[in-house]
Amino acid sequence: MLISGIQPCTFLDFPEKTACIVFTPGCNFRCAYCHNPEFVLPERIKELRPGFIPEETFFRFLDRRQDLLDGVVVTGGEPTLMPDLLDFLRKVKDKGFKTKLDTNGNRPAVLRRALDEGLVDYVAMDVKTSLAEYQNLAGPLADPSAIAESIELLKASAVPSEFRSTILQELHPPSVLDDMAKLLVGAKILYLQKFRPGVVLKPEASSYHPFSDREMMQIADFFRATVPNVIIRS
Ligand code: SF4
C-alpha cells in the first residue's frame, strides 16, 4: 500500500488506544476547506512521491513498537482508494494490533468487506453535508447513495464507529444541518469539528467563516435530538 507519511504516536486519534497513524495519498473528494491538499491533488502527490515510505519499512517500525502501541490508524486522503488496503489491514491485525479506519464513506463495498472480514476495530466516517449538497461540497465523484449506504452500514455494525462533521457558516445553513440530523438518526456518536482557517485546497475557502463557540454549542444541542452523544472536538 502506498504510504505518504507516518505519525509515530497519537493518544487522540484512536479512542482509548495508543496508536500510530498511517497516511495514504489521494482522495476522490475535493472539499474546498481540505487542510491536506498535498495528500489530495495528484500534482502535489507526485512531488512528494519520492519520500513515500515503503510498506516493509513501516512494518519494521511496527515490529519495534509491539510493547508501545495498541493500534494503527489508517487515514488519508482516502484510504479506501488503495487497492491493497484490506491486505494491509490484515497484516496489521496479524501482528496483534488494533486497527482504525478513517473514511469519507464513498466506497461502501470496501467498508463492508473491512467490517465483515473483521479487519477494523473502529471506523470514523466524515458526514460532510446533506446528501443533496454532497457533490457541491465534495465534487463530482461524491456519490450520495454510496454515502448513505456507508452511514447505514456503520449504524448497523457491531464494530464501534463515530461520525464526524466539519461545519462552517457558508456551507451549513439551518436547512442543511436539519437534513444532516435526519441522515444521522440511529448514529451513536457525532463529533462536530469547527472549521479552522489556514491552508486550504481551494482559494474560496480562505474566506469561509467558522461558527462561534456559542453557535457550535447550539448546533450540538440541535443534533442531540437525533444522536445521543454529540461532542464538539476542538
Ligand atoms: S475527503 Fe475532503 S477533507 Fe478529506 S482528504 Fe479528501 S478532500 Fe480532504
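Structure report, in brief. The structure displayed is predicted, hence computed values, not measured ones. (Residues numbered from 1 in each chain as written. Predicted model: local features only at pLDDT ≥ 70, side-chain atom pairs only at ≥ 80, totals over all residues. Heavy atoms only, no water.)

Re helix 4 (residues 108-116)
When helix 4 is considered as a whole, its buried residues turn out to be P108, V110, L111, A114 and L115. For helix 4, the angular spread of the buried residues around the axis is 160°, confining them to a single face. Along helix 4, exposed side chains directed more than 90 degrees from the buried face belong to A109 and D116. In this structure, the buried side of helix 4 is in contact with helix 3 (85-94), strand 4 (98-103), strand 5 (122-126) and helix 6 (144-156). At the exit of helix 4 stands G118, carrying a positive phi of roughly 65°. (Buried < 20%, exposed > 50% of the residue type's maximum accessible area, 1.4 Å probe, protein only. Helix = DSSP H or I, 4+ residues; strand = E, 2+ residues; numbered from the N terminus. Arc of directions from axis to C-beta. Contact = heavy atoms within 4.5 Å.)

With respect to the sheet that holds strand 8 (residues 229-233)
Read across the sheet, eight strands follow the order 1-2-3-4-5-6-7-8 without closing on themselves; strand pairing throughout is mixed. Each edge of the sheet is formed by a strand with only one pairing partner; in this case those strands are strand 1 (5-10) and strand 8. Taken over all neighbouring pairs, the strand axes of this sheet differ in orientation by 20° on average, direction set aside. As judged from the four bridges shared by strand 5 and strand 6 (residues 161-167), these two strands associate in the parallel manner. Looking at strand 6, one finds that V123 is bridged to S161. (Pairing = 2+ DSSP bridges. Axes fitted to C-alpha atoms, helices over the stretch in contact; angles between N-to-C directions.)

Quick notes on the site of the ligand
Taken together, C27, F29, C31, C34, V40, G77, N104 and K128 make up the full set of residues near the ligand. A per-class count over the shell around the ligand returns five nonpolar, two polar and one charged. (Near = heavy atom within 4 Å. Nonpolar A, V, L, I, M, F, W, Y, C, P; charged D, E, K, R; others polar.)

Some remarks on unusual backbone geometry
Omega for the bond connecting G76 with G77 falls within 30 degrees of zero, at 5°, which places this linkage in the cis form. The topology assignment puts G77 in the loop between strand 3 (71-75) and helix 3. In this structure, E16 takes a positive phi of about 60° despite not being glycine. Within the secondary structure, E16 sits in the loop between strand 1 and strand 2 (19-23).

Looking at the pattern of salt bridges
Pairing between side chains of opposite charge can happen when the charged atoms of each approach one another. Taken as a whole and judged by the stated rule, the model has 16 salt bridges. Overlapping salt bridges bring together K100, D102, D126, K128 and R164 as one network. (Salt bridge = Lys/Arg side-chain N within 4 Å of Asp/Glu carboxyl O.)

Here we look at the side chain of E78
Within the element layout of this structure, E78 appears in the loop between strand 3 and helix 3. Every residue in contact with E78, bar those within four places of it in the chain, is listed here: T24, G26, C27, N28, D102, T103 and N104.

Overview of the packing of aromatic side chains
This structure, assessed with the given rule, holds ten aromatic pairs. Measuring from ring centre to ring centre gives 5.6 Å for F222 and F223, while their planes differ by 70°; the resulting arrangement is edge-to-face. Here R233 stacks its cationic end above the ring of Y191, 3.7 Å away from the centre of that ring. (Phe/Tyr/Trp six-rings, centres within 6.5 Å; stacked < 30°, edge-to-face > 60°. Lys NZ or Arg CZ within 6 Å of the ring centre and 35° of its normal.)

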